[in-house]
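Structural overview for review
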Amino acid sequence: MGYFDAASSAPLHPVARQALQASLDEGWADPARLYREGRRARMLLDAAREAAAEAVGCRADELVFTSSGTRAVHSGVAGVLAGRRRVGRHLIVSAVEHSSVLHAADTHEADGGTVTQVAVDRGGAVSVQAYADALRPDTALACLQSANHEVGTEQPVVEVAGVCREAGVPLLVDAAQSLGWGRVEGDWSVLTGSAHKWGGPSGVGLLVVRKGVRFAAQGPADERESGRAAGFENIPAIVAAAASLRAVRAEAAQEAVRLRELTERIRARVPRLVPDVEVVGDPARRLPGIVTFSCLYVDGETLLHELDRAGFSVSSGSSCTSSTLTPSHVLRAMGVLSEGNVRVSLPLGAAEDDVERFLEVLPGAVAGVREKLGAPVAETVVQDDVLVVDSLGKLCPIPVIELAKVIGDVPVGGLVRILADDEAARLDIPAWCEMRGQEYVGEEPAEKGTAYIVRRAT
């Protein structure tokens, strides 16, 4: 079986399992108590904090354990914004941040704050200059992930941290995807992480707040974890999280070389094996184990089911796998194809044979989905020398399939007007045009839905 969804949750590392089982007998008592059981629990907690701090590259008293990576993000964002409220209420985030950051930004905006969302390029990376331009006198906090969770693109954290430091603005780094591979360099102020992303148990997050950063914990006061993470510490899970972080770091350098070769193999061979595919994300500045591609004319959910039946667990940012029927905010921000999106994220120890078998299975799976989906006869009509395709009420990837079927029916320079009310068409039709060498003219309101205008260029 090929479990290829480590970016969602990595398999429990053997060291984490051993540490968890061993600490269950010693770490059950209240670490705040002075009797022997409490002292033993406190020793385990302190040792785990020291180990995690050493891995992150911070002081032990700067790091607290939270109940999840999401809780760490929410507490970090809210705490810094509250601590710097006198400076202002302006928050900066990138357009491809994890949903936990974007939800925190939405809450801040609903409470009267202001938010600037920094755009990314087609590879998913932000511009350092764009962050510098977004800074204002009333900016209280900037947020930037170390690497993207959907496409693996690494962000210029060192450079962005530098411009933020010059402006006197703290930078919060969501390091959930990268922390298992190494420390986050740069002059950042706040950092968050999540244990189940590197092979630790779920339910453990890290929140690091550097000394000197104004921080006011929100919610009812609690004496535990420096008042920054309320509730009784799950010491066995914390111990396992710290032990596994140390263990994966010891393997990281060698494993990164191996996984990078395997994902490069996928990046290079998938476009040769499967027609009409776009590999997305930065080709060089990316995490070792993640590769993402999108397939034209494919229902993403059906493709994932086909791969699951073949023994491969992958994930997708396609609108076809979402209850909202809209593409992932990451793919949307990048302006890339969302149809038939597949993210392969290899866990530590992923077998080369499994990758080769995946490459053998994928072409047949895509072809089978395309055949099952079929391409319905497009409902077309010519209006003022413009071919009109009515795709109203049809979900991805049908509007693009219908466009592909009729583009040859107009002369070079002729126009096709596609009527669609599926939000994914706004992203997928321009992406199709770029892939197929056609000219995307733009969109305009229609009586129902939206009209997307394409000029035949070839």
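Structure: see above.
Summary of the structure given here. Since this is a predicted model, take the numbers as computed values, not measurements.

1. What to know about unusual backbone geometry
A cis amide bond links cysteine 396 with the next residue in sequence, proline 397, at an omega value of 5°. Among the secondary structure elements, proline 397 is positioned in the loop between β14 (386–390) and α11 (398–406). One non-glycine residue, glutamate 225, lies in positive phi territory at about 50°. Structurally, glutamate 225 can be placed in the loop between β8 (205–209) and α7 (235–273). Assessed through its relative accessible area of 6%, glutamate 225 is described here as buried. Positioned with a positive phi, aspartate 276 is a non-glycine residue whose angle comes to about 60°. Take aspartate 276: it is sitting in the loop between α7 and β9 (277–280).

2. Focus on the layout of surface pockets
Of the pockets and cavities examined, the largest pocket occupies roughly 480 Å³. Together, 27 residues line the largest pocket, and Arg71, Ser75, Arg228, Ala229 and Ala230 are the ones closest to its centre. At the level of secondary structure, the elements contributing two or more residues to the lining of the largest pocket comprise β2 (63–66) and α3 (69–83). Of all the elements, α3 adds the most residues to the lining of the largest pocket, at five residues. The residue makeup of the lining of the largest pocket, split by class, is eleven nonpolar, eleven polar and five charged.

3. What to know about the sheet that holds strand β10 (residues 290–295)
In spatial order, the strands read β9-β10-β12; together these three strands make up an open sheet with antiparallel pairing. The open sheet terminates on both sides in strands that have one partner only, identified here as β9 and β12 (341–345). Sheet twist, expressed as the mean angle between neighbouring strand axes with direction ignored, is 20°. Both β10 and β12 contribute to a ladder of five bridges, which runs antiparallel. Among the inter-strand pairings, threonine 292 is bridged to a residue of β12, identified as arginine 343. The strands touched by α7 are β9, β10 and β12; relative to β10, the strand with the most contacts, the crossing angle is about 15°.

4. Structural notes on the packing of aromatic side chains
The tally for this structure, following the rule as stated, stands at three aromatic pairs. Between phenylalanine 4 and phenylalanine 312, the ring centres sit 5.6 Å apart and the planes meet at 40°, which makes this aromatic pair tilted. Pair noted here: phenylalanine 4 is in the loop between β1 (2–3) and α1 (14–24) and phenylalanine 312 is in strand β11 (residues 312–313), with a separation of 308 residues, a long-range link. For the pair formed by phenylalanine 4 and phenylalanine 312, the shared burial category is buried.

Procedures and definitions
Residues numbered from 1 in each chain as written. Predicted model: local features only at pLDDT ≥ 70, side-chain atom pairs only at ≥ 80, totals over all residues. Heavy atoms only, no water. Helix = DSSP H or I, 4+ residues; strand = E, 2+ residues; numbered from the N terminus. Buried < 20%, exposed > 50% of the residue type's maximum accessible area, 1.4 Å probe, protein only. 1 Å grid on protein atoms, 1.4 Å probe; cavity = no way out; pocket = protein on both sides within 12 Å on 5 of 7 lines; lining within 4 Å. Points joined across faces, edges and corners; volume = space filled by probe spheres on them. Nonpolar A, V, L, I, M, F, W, Y, C, P; charged D, E, K, R; others polar. Pairing = 2+ DSSP bridges. Axes fitted to C-alpha atoms, helices over the stretch in contact; angles between N-to-C directions. Contact = heavy atoms within 4.5 Å. Phe/Tyr/Trp six-rings, centres within 6.5 Å; stacked < 30°, edge-to-face > 60°.

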